[in-house]
Amino acid sequence: MHIPDGFIDVPVAVTTFVVTVGAIACAVKTTNHNLGEKQVPMMGVLAAFIFAAQMLNFPVVGGTSGHFLGAALAAILLGPWTAVLIMSSVLVVQCLVFQDGGLLALGANILNMGIISVFVSYYIYKGIYTLLKGNKAARLIGAGIGAWFSVVASATACAIEIAISGTSPWEIAIPAMTGIHIFVGIGESLITVAVLSLVLVTRPDLLELQVA
Amino acid sequence: MKHDFIDKYSNLDSFIHRLDPRTKFLTSLALTIAVVLTPAGNWKVFLCYFLILAVLILFSRLPLLYVMKRSLVIIPFVLMVAIFIPFFKQGQIAVSYNSGLFQLSITYDGILILTGILIKSWLCILSLVLLTSCTKLADMLEGLKQLGVPHVFILILSFMYRYIFVLADQAMRMQQARDSRNFGGNYWHKFKIIGNMIGTLFIRSYERGERVYVAMLARGYNGEVSAIRKLHYAPADAYFSLLLFILLLCPPLLWW
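Residues numbered from 1 in each chain as written. Chains lettered and ligands numbered in written order. Predicted model: local features only at pLDDT ≥ 70, side-chain atom pairs only at ≥ 80, totals over all residues. Heavy atoms only, no water.

Enquirer: Describe the overall build of chain A, with residues and values.
Expert: Looking only at helices and strands, chain A has eight helices and two strands in total. Reading chain A from its N terminus to its C terminus gives the helix and strand order α-α-β-β-α-α-α-α-α-α. Its C-alpha atoms give chain A a radius of gyration of 17 Å, near enough to 17 Å, the size a compact globule of 212 residues would have. The dimensions of chain A, computed from C-alpha atoms along their principal axes, are 45 × 40 × 30 Å. Within chain A, buried positions represent 66% of all 212 residues. Intrachain contacts of chain A at a sequence separation of at least 6 include 72% that bridge at least 24 residues. Entry remark: accessible area of chain A is about 6900 Å², with carbon and sulfur atoms responsible for 70%. Placing the 7 positive and 9 negative side-chain charges of chain A at their respective mean positions leaves the two points 21 Å apart. (Helix = DSSP H or I, 4+ residues; strand = E, 2+ residues; numbered from the N terminus. Rg over C-alpha atoms; globule rule 2.2 N^0.38 Å. Buried < 20%, exposed > 50% of the residue type's maximum accessible area, 1.4 Å probe, protein only. Contact = heavy atoms within 4.5 Å. Areas by Shrake-Rupley, 256 points an atom, 1.4 Å probe, with all protein chains shown as cover. Lys, Arg positive; Asp, Glu negative; His and termini not counted. Charge placed at Lys NZ, Arg CZ, Asp CG, Glu CD.)

Enquirer: Before we move on, could you go through the overall build of chain B and cite the residues and values that matter?
Expert: Secondary structure assignment for chain B yields eleven helices and two strands. Counted from the first residue to the last, chain B has its helices and strands arranged as α-α-α-α-α-α-β-β-α-α-α-α-α. Its C-alpha atoms give chain B a radius of gyration of 24 Å, more than 25% over the compact-globule value 18 Å for 256 residues. By principal-axis analysis of the C-alpha atoms, chain B measures approximately 70 × 60 × 30 Å. Per-residue burial over chain B gives 46% buried out of 256 residues. For chain B, restricting intrachain contacts to residue pairs at least 6 apart in sequence, the fraction spanning at least 24 positions comes to 73%.

Enquirer: Explain the interface of chain A and chain B residue by residue, including any values.
Expert: Tallying the contact residues gives 76 residues for chain A and 80 residues for chain B. Here chain A packs against chain B, burying approximately 6800 Å² in sum over the two surfaces, 82% of which is carbon and sulfur. Our enumeration of links across chain A and chain B arrives at two salt bridges. Glu210 of chain B is the partner of Arg203 of chain A in a salt bridge, and the nearest nitrogen-oxygen pair spans 3.9 Å. At the boundary of chain A with chain B, the tally comes to four residue pairs in polar contact (both at pLDDT 80 or more). Mapped onto the side of chain A that touches chain B, the elements with two or more residues apiece are helix H1 (10-34), helix H2 (40-53), strand E1 (57-59), helix H3 (71-78), helix H4 (80-98), helix H6 (136-164) and helix H7 (170-202) of chain A. (Buried area = accessible area lost by both parts, 1.4 Å probe. Salt bridge = Lys/Arg side-chain N within 4 Å of Asp/Glu carboxyl O. Polar contact = N/O pair within 3.5 Å; in protein donor to acceptor, adjacent residues only side chain to side chain.)

Enquirer: Can you lay out the side chain of Ser241 of chain B for me, pointing to particular residues and giving the numbers?
Expert: All names here are of chain B. Tracing the sequence through the fold places Ser241 in helix H11 (residues 235-255). For Ser241, a relative accessible area of 11% gives the class buried. Apart from the residues lying within four places of it in its own chain, the contact partners of Ser241 are Thr23, Thr27 and Tyr233.

Enquirer: Report on the environment of Leu254 of chain B, specifying residues and quantitative values.
Expert: Positionally, Leu254 of chain B belongs in helix H11. With 245 residues separating them along the chain, Leu254 of chain B and Tyr9 of chain B place their C-alpha atoms 36 Å apart.

Enquirer: I'd like a description of the layout of surface pockets, backed by residues and values.
Expert: One number sums up the size of the second largest pocket: a volume of about 670 Å³. Forming the boundary of the second largest pocket are 24 residues, of which Phe17, Val21 and Leu106 of chain A together with Phe25 and Val149 of chain B lie nearest the centre. Counting residues per element, the lining of the second largest pocket draws most heavily on H1 of chain A, which supplies seven residues. Taken domain by domain, the makeup of the lining of the second largest pocket includes at least three residues from each of domain 1 (15-144 + 231-255) and domain 2 (149-218) of chain B. (1 Å grid on protein atoms, 1.4 Å probe; cavity = no way out; pocket = protein on both sides within 12 Å on 5 of 7 lines; lining within 4 Å. Points joined across faces, edges and corners; volume = space filled by probe spheres on them. Domains from an automatic or database assignment.)

Enquirer: Which residues make up the packing of helix H2 (residues 21-37) of chain B against helix H7 (residues 108-133) of chain B, and what values do they have?
Expert: Residues and elements named next belong to chain B. Put simply, H2 and H7 touch, their axes get as near as 9 Å, and they point 175° apart. Regarding the angle of H2 to H7, the classification is roughly antiparallel. Between H2, through Lys24, Phe25, Ser28, Leu31, Thr32, Val35 and Val36, and H7, the contact on the second element is made entirely by Lys120, Leu123, Cys124, Ser127 and Leu131. Per-class residue counts for the contact of H2 with H7 are seven nonpolar, three polar and two charged. (Axes fitted to C-alpha atoms, helices over the stretch in contact; angles between N-to-C directions. Parallel < 35°, antiparallel > 145°, perpendicular 65-115°, else oblique. Nonpolar A, V, L, I, M, F, W, Y, C, P; charged D, E, K, R; others polar.)

Enquirer: Describe in detail the environment of Leu126 of chain B, supporting the description with residues and values.
Expert: Residue and element names in this part refer to chain B. Mapped onto the elements of the fold, Leu126 is located in helix H7. C-alpha of Leu126 to C-alpha of Asp139: the two residues are 13 residues apart in sequence and 20 Å apart in space. Excluding anything up to four places from it in sequence, Leu126 contacts Phe50, Leu53, Ile57, Val67 and Ser71.

Listed below in structure tokens is the structure:
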């Protein structure tokens, strides 16, 4: 759901850009405080990981295929602010190397896929985890639901931006984007749960960094 | 490693390739904004912008077929969002079809909006292809740093760029291994396998990140990275920017 240029108008592009810059500045500050600038190589490698994971396709209904987004996974494994930085890096490289998503629309794309998706999934995950008194099943349920909402929320945000720009009427944009991503979200949710259960079995110490 | 799809033509030599990355970034952005601001229906203005882009693409010596192919990247999004607009937009009806159950009609306003979006996004993607195919990512990042992007963010991006090749390779090998073992079965099984692949990739990446960090510490890394790369803003950059801005301003002044 990378928005190309031409689909959102300049006011929407500028507004989303300003919000994104604020969020990234905050993320830089917070991660600097928590991890130190010394964690930079690690974050670079993990951003490359998200990028590589997005290359693996999975089948969706009717012969089409979707790919993993990874925002929820990054948020759960690494915490929201680190995830914001990593997802933003992925989106910047996708724009500047692969022309996925427009230059002017970069702010909107980062907001949808790198910020909204991260925070929605993280707080749903954390809410369910604390509500169910934090055992392994609670983590997996929280991750699954969080991942589904991350995809649907970012698709809806994308549709709202397009509708506000006057490109596409509300009654087309919302069903088209959100409708398709209700199904894509199921794939995302299943994969996130599978990845998390593998990590819980092999390197449970990685998760202790987060919800401690 | 087979990743010639990354940064494929940034090593060519042309007038455009030699421009400073800041010049290229800012003029691309200006062109994109100019195109997006032009209301649908001003075909002459769009034609002028297309001519400017066409001249620049010819100057850049990029293979035209490659530019065309890359510009198709917008198609999925167009299909998903824009293609229904002519059917829903209110206005004077161009074509109408009544099947008894429902009425399908295409309006002139809808067609106008759809063509406007198609032209705008195609012109913008041409400009983006031109920018990214003529600039090495390392230069671009240095340019963005000069333009005020936070240092940490630039560092993360440059590390990411280095490891994309390694990790993409790993992912592709896993996919090949999976496919050669007759990847099939039911839906749940497939998702579990992909989940395991991504999980394995995550753990490997994490451990690689730890090793990289330790290796850098051993070589005296203290959170600072100094680059040898120096950008050079030449007079040609100033002339080029000025000329392009004037060319961008002319069509709207003439025909709006």
